[in-house]
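# Overview (structure and organization)
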Amino acid sequence: MKRRASPSLPAIVVLGVAACTAPSVGGITYDQPPDTATAGTTGASDGAPSTTGDPAPTTGTTGEALTTGTTSSGPTSEPGSTTGDDPLAPPAIVEGELDMDVLVKHEPLDVTIETAHAEGVRMQVDGGTPIELDLEGGDTFTGQIVIYTALDNGPHLATFVAWRGDLESELFELPFTVALPPPGSELFWEGNDKIGKGTVVALAVTPARELIELGTYYPQGQARCYLRRRGLDGLWIEGDLFEVKAGLPCSAIDLAVDDDGALHVLVDKLENGELRWWLGKYEAWAGPPTQVGVGVVGDVARALALADDRAAVCGTKPDDDLVRGTVWLFAPGQSGKVLSYDYLPENEFPDPIGFSELPNDCAFVGEHLLVTGEVKGQHDQDSVTRARHFLLDIDGAGQNPEWTLVPQDGSTQSGGRVLAIDAGGRAMTGGYHCDDQCEPNGELLLFSANGDLAWRRSLDPLLAAPRALVWHPAGYVVFAAARDGAQDSTSFFAQAWFPLKAQSVWSYDHQDGLAIHTPTSLAIGPYGQIYAGGMTAGGYPAVALIAP
């Protein structure tokens, strides 16, 4: 949509602007968490909070200016340009354009603003955080508006102000409409026998906007690990799949992508009769990997965490009849550290009692590492071994562990399975609770940035404990789990929740007949797309694309 400004020059506006920037994850602008001063949930009813019309950044709606690499700030001699002709002329917006009137797919809206006598252009969407556009060349400024969720469907208004020093142009407006597919609707599904039986174990999206899946499959009945590359639409072609540790029996564990697009792959491999975990780094697709670390026989790896140039493998080492929670830390130019953590109850029992720590997931938070899992032992001095959900905070040196055991809430056992960190440093865990005769009931738990339990939500009793968990840039969390169905079948299920709310935001459920379906992984695309991976009917790898 294109609109032209009035041919008359705008009035001179002198205004001091103080812009606050929302925290971000990579290149994704993220809403302030509710426990900060700019929370947008106060006064909202249960369900999705209002996402438009507030002065604070709007949930799921934000403008992002992309760097073009061809910026220039000198005077121009282009026809019609007077930027360098009159140093006293006020800045003006001559013309503005969005590349579409109605947004119907998960892609950015491209913005182009033509100016005169301007040094820059600020953009706001629905009165949100001001965003500086990029200078494309001459008097042209460009940027993008990204809408992360269909919860923002409806009319919106982008406003622009050209500026030079303290001078500002009149406000320039470009309305647009968002009509994205309903949240939780299925945009793509693939679950078939193209590569035979197998399971997608982990998913990640690269800076090059490719969806990468790590999985285990069974050519000729032998377990092998593979990486498969897909477009953001979920499609792939021949040549988009290769084996990790080709020729060796292998089982996939976890996958992470760094800011340079390198793939960090964690697997179990059986070589020379010995089963060990292996962490490798692929700089190029299907290229030779660099070995980052390898376990010893008896070590168990459960999860991989990555931040900046640091990597952590979280798992266990054997300790006589127990297992010890262990973290293997890796940093460039340093030999890996092996650190084990022994849970000791605050109230010491008369006789020493051993506990087994079973980490299931981990993630970096700044310089710290958070780990979640289960502590198994005689917590209640009654000779009964029970599991308890834990959150472990370890500092940047791998020292000063702080254990948090989740209080029991009417059950005798619990455990943490998956972990996700939001931009404000809050941890969300997905796990289970049950009695001594354990029939697990899934649950979500939210911990504040200082480790206090802030919210706890039991899930539908038909759901297994979450197998994957991820924060979405619209401000909600998404989990994936199997859901019990008729005749011992399960479905491929995902659900979204705003923390502290009493109702879910949306649900997704897929079932190819009365068979076992197991979702195991989640990833978020650059424009809010939600990818889920796992196993579908017949034991085949499956990938879904879900509308946010």
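Description of the structure in this document. Fair warning: this is a prediction, and the values are worked out from it, not measured in the lab.

With that out of the way, let us pick up the state of the cysteines. Per the stated rule, a full pass over the model turns up 3 disulfides. Shown here is the disulfide that connects Cys314 with Cys362, its sulfur atoms set 2.1 Å apart. Taking the torsion about the S-S bond as the criterion, the Cys314 to Cys362 disulfide, at about 105°, is right-handed. Of the two residues, Cys314 is situated in strand β26 (residues 310-319) and Cys362 in strand β29 (residues 356-365); the sequence distance between them amounts to 48 residues. For Cys314, a relative accessible area of 1% puts it in the buried group. Across the disulfide, Cys434 is cross-linked to Cys438 (sulfur-sulfur distance 1.9 Å). Sign of the S-S torsion, about -100° for the bond between Cys434 and Cys438, identifies this disulfide as left-handed. The buried category is assigned to Cys434, whose relative accessible area is 4%. Overall, the relative accessible area of 36% leaves Cys438 in the partly exposed class. By sequence-ordered numbering of the bonded cysteines, the chain has its disulfides arranged as 1-2, 3-4, 5-6.

On to the side chain of His472, then. Counting through the fold element by element, His472 comes out in the loop between β37 (468-471) and β38 (477-484). A relative accessible area of 0% places His472 in the buried class. A polar side-chain atom of His472 sits 3.0 Å from the main-chain amide nitrogen of Ala474. One polar contact links the side chain of His472 to the main-chain carbonyl oxygen of Gly528, over a distance of 2.8 Å.

For the rest of this paragraph, the subject is the pattern of salt bridges. For the structure shown, the criterion picks out 23 salt bridges. A salt bridge links Glu271 to Lys269, with the shortest nitrogen-to-oxygen separation between them at 2.8 Å. One continuous salt-bridge network, built from bridges that share partners, spans Glu190, Lys194, Glu213, Arg228 and Arg230.

Another point: the sheet that holds strand β42 (residues 530-536). Taken together, 4 strands build an open sheet; the order of strands is β16-β43-β42-β41 and the sheet is antiparallel. Where the open sheet ends on each side, the last strands, each with one partner, are β16 (186-191) and β41 (518-524). Averaged over all adjacent pairs, the angle separating strand axes in this sheet is 15°, with direction ignored.

We now examine unusual backbone geometry. Negative phi is the rule for most residues except glycine; trans is the rule for most peptide bonds. Non-glycine residue Ala286 carries a positive phi angle of around 65°. By the secondary structure assignment, Ala286 is in the loop between β23 (274-282) and β24 (290-294).

Right, let's talk about the pairing of β38 for a bit. Moving residue by residue along a regular strand, the side chains alternate between the two faces of the sheet. Burial analysis of β38 places 6 of its 8 residues in the buried class, the great majority of the element. Here 4 bridges tie β37 to β38, and the two strands are oriented antiparallel to one another. By the bridge assignment for β38, Trp471 is matched with Val477. As consecutive antiparallel partners, β37 and β38 are separated by 5 residues, and within that stretch Gly475 has a phi angle of approximately 105°, a positive value. In this structure, β38 lies alongside strand β39 (residues 490-497), joined through 8 bridges in antiparallel fashion.

This part is about the packing of aromatic side chains. Aromatic ring pairs are defined here through the distance separating the ring centres and the angle between the ring planes. Following the criterion strictly, the structure yields 13 aromatic pairs and no others. Arranged with centres 5.6 Å apart and planes meeting at 70°, the rings of Tyr343 and Trp403 form a pair that is edge-to-face. You can see Tyr343 sitting in the loop between β28 (337-341) and β29 and its partner Trp403 sitting in strand β32 (residues 402-405), a full 60 residues away along the chain. Given a relative accessible area of 11%, Tyr343 falls into the buried group. What makes Trp403 partly exposed here is its relative accessible area of 21%. With 6.2 Å between their ring centres and 50° between their planes, Trp455 and Trp497 make a pair best called tilted. Of this pair, Trp455 sits in strand β36 (residues 453-458) while Trp497 sits in strand β39; the two residues are 42 residues apart in sequence, bridging distant segments of the chain. Here the two residues Trp455 and Trp497 agree in accessibility, since each one is buried. Aromatic rings pair up to connect Tyr343, Phe355, Phe390 and Trp403 into one cluster. Sitting over the face of the ring of Tyr540, Lys197 holds its NZ or CZ atom 4.8 Å from the ring centroid. Looking at Arg228, its charged tip hangs above the ring of Trp236, at a distance of 4.5 Å from the centre.

Cut-offs and rules
- Residues numbered from 1 in each chain as written.
- Predicted model: local features only at pLDDT ≥ 70, side-chain atom pairs only at ≥ 80, totals over all residues.
- Heavy atoms only, no water.
- Disulfide = S-S within 2.5 Å.
- Helix = DSSP H or I, 4+ residues; strand = E, 2+ residues; numbered from the N terminus.
- Buried < 20%, exposed > 50% of the residue type's maximum accessible area, 1.4 Å probe, protein only.
- Polar contact = N/O pair within 3.5 Å; in protein donor to acceptor, adjacent residues only side chain to side chain.
- Salt bridge = Lys/Arg side-chain N within 4 Å of Asp/Glu carboxyl O.
- Pairing = 2+ DSSP bridges.
- Axes fitted to C-alpha atoms, helices over the stretch in contact; angles between N-to-C directions.
- Phe/Tyr/Trp six-rings, centres within 6.5 Å; stacked < 30°, edge-to-face > 60°.
- Lys NZ or Arg CZ within 6 Å of the ring centre and 35° of its normal.

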